[in-house]
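Now for the letters of each chain:
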Amino acid sequence: MSTNIHRLSVAGKLLESRVIVGTGKYETLDVMRESLDASGTSCVTVAVRREKLYDRDGKNLLDYIDLKRYTLLPNTAGCFNAKDAVRVARMGREILSDLGNPGADWVKLEVLGDTKTLLPDPVATLEACQRLVEDGFKVLCYTSDCPIMAVRLKSAGAASVMPAASPIGSGQGILNPNNLKIILEYLKSDDPDYPVIIDAGVGTASDVAEVFELGADGVLLNTAIAHARDPIMMASAVRNSAIAGRQAYLAGRIPKRLYAMASSPEEGVITSRPW
Amino acid sequence: MDRSKLHSVIALDMVEFEFNGTPHKSPPQTTVAGLLESLGIEYRFCAVEVNEEILPKAQYSIYEVKPGDRIEVVTLVGGG
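Residues numbered from 1 in each chain as written. Chains lettered and ligands numbered in written order. Predicted model: local features only at pLDDT ≥ 70, side-chain atom pairs only at ≥ 80, totals over all residues. Heavy atoms only, no water.

Enquirer: Please set out the overall build of chain A residue by residue, giving values where relevant.
Expert: Each helix and strand in chain A was counted, giving eight helices and 10 strands. Taken over C-alpha atoms, the radius of gyration comes to 21 Å for chain A, in line with the 19 Å a tight globule of 275 residues would show. The principal-axis extent of the C-alpha atoms belonging to chain A is close to 85 × 40 × 40 Å. Excluding contacts between residues fewer than 6 apart, the proportion of contacts in chain A whose partners are at least 24 apart in sequence is 66%. Accessible area of chain A: about 13,600 Å², with a carbon and sulfur share of 51%. The average position of the 31 basic charges and that of the 33 acidic charges among the side chains of chain A differ by 1 Å. (Helix = DSSP H or I, 4+ residues; strand = E, 2+ residues; numbered from the N terminus. Rg over C-alpha atoms; globule rule 2.2 N^0.38 Å. Contact = heavy atoms within 4.5 Å. Areas by Shrake-Rupley, 256 points an atom, 1.4 Å probe, with all protein chains shown as cover. Lys, Arg positive; Asp, Glu negative; His and termini not counted. Charge placed at Lys NZ, Arg CZ, Asp CG, Glu CD.)

And the structure:
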């Protein structure tokens, strides 16, 4: 373990924060930039899309992201089959190839099953993961909270398995903490440093704390910050919550008890009891 | 030569291809670099695919767009 408990080791690189933040859906690029700063993140996700020829305001997302400060993690959002995901991943790599960013060979792989749930297609995700690993990518792989699928993806060479807390953008928080606990146990039992990052569904700062209290290594979120009433303040809350959750995990919570246990000593009480 | 004939000669000479999913025409011998320049697209933040194969940046000023090519030019945008 690194000496700084708030660093995240993934794909052979040490990130200064355990929080990975998405760059989508902010009201303005200035709000995005300030939110990223307030979150303390050092890794941000980006999407690959066609150049727009009309209504261009001349601003590129990358003009608002300090490429020396942030590792860029291109995603395959919007892909519904393995072939498209591989194509999009390669294009993301090509864009970053001469920008000197360490994220150039990283990809946040997501291959979705339908547009309503945005749940991953497990068969296509596994196929795409295998192909991208063969192609030299460091694959950070979005998946459901299914422990068996998580094991399959790790075996396929994923640099990190990233189970969803709940559906993308739903803000429902962690729906199945038991599955996440099983995933953490299965993936880390012989490999304690293997990074498991909870991706998607986070709604607010307390969800982030819960992610870390479960023992996850990182969290990836976008909408919870971008659509908060005050994104910059929420980003700061997320930063603090990640630190709090990680510290609580390392400190070790007390077991839950059915009955109370007095905090003040029994000895020396001057009162009488009615029984 | 009258105007209509001139127009048809130019139209025949134009190279027709697909750019980001829509039909597009360029003069003959248009390189990808020339195409990007004519569309005001910055090199530094884009990737180009020709018929689903990535075109390395070193090829932009060499590859001439051919009739029927499917050209995709992508960049990075905000995403989660």
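Enquirer: Pulling in residues and values, what's your account of the interface of chain A and chain B?
Expert: Facing 32 residues of chain A, the contacting portion of chain B comprises 25 residues. Here chain A and chain B share an interface that buries about 2,600 Å² over both sides, 58% of which is from carbon and sulfur atoms. On the surface where chain A and chain B come into contact, there are six salt bridges. Across the chain A-chain B interface, the total number found is 15 residue pairs in polar contact (both at pLDDT 80 or more). Looking at the side of chain A that touches chain B, the elements that each hand over two or more residues are β4 (43-50) and α2 (82-96) of chain A. Looking at which element gives the most residues to the side of chain A that touches chain B, the answer is α2(A), with seven residues. Classifying every residue of the side of chain A that touches chain B gives 12 nonpolar, eight polar and 12 charged. (Buried area = accessible area lost by both parts, 1.4 Å probe. Salt bridge = Lys/Arg side-chain N within 4 Å of Asp/Glu carboxyl O. Polar contact = N/O pair within 3.5 Å; in protein donor to acceptor, adjacent residues only side chain to side chain. Nonpolar A, V, L, I, M, F, W, Y, C, P; charged D, E, K, R; others polar.)

Enquirer: Kindly report on the pairing of strand β7 (residues 138-143) of chain A, identifying the contributing residues and their values.
Expert: Residue and element names in this part refer to chain A. Extensive coverage of β7 is indicated by the burial of five of its six residues. In the sheet, β7 pairs with strand β8 (residues 160-163) via four bridges, with the strands oriented parallel. By the bridge assignment for β8, Thr143 is matched with Pro163. Assessed by its sense of winding, the connection that carries the chain from β7 through helix α4 (residues 147-155) to β8 is right-handed. (Buried < 20%, exposed > 50% of the residue type's maximum accessible area, 1.4 Å probe, protein only. Pairing = 2+ DSSP bridges. Right-handed = clockwise from strand over helix to strand, strands pointing away.)

Enquirer: Hey, could you go over the nonpolar core for me, with residue numbers and the actual values?
Expert: Side chains of a nonpolar character, in soluble globular proteins, are inclined to be buried together. In this structure, Leu72(A), Leu109(A) and Leu221(A) are the most contacted members of the largest nonpolar core, which totals 72 residues. Beyond its immediate sequence surroundings of up to four residues, Leu109(A) is in contact with Thr76(A), Ala85(A), Thr125(A), Ala128(A), Cys129(A), Leu132(A), Val139(A), Leu140(A), Cys141(A) and Tyr142(A). In terms of nonpolar packing, the next biggest core, distinct from the first, is built from 17 residues, Phe17(B), Phe19(B), Val48(B) and Tyr60(B) among them. (Core = buried A, V, L, I, M, F, W, Y, C linked by side-chain atoms within 4.5 Å.)

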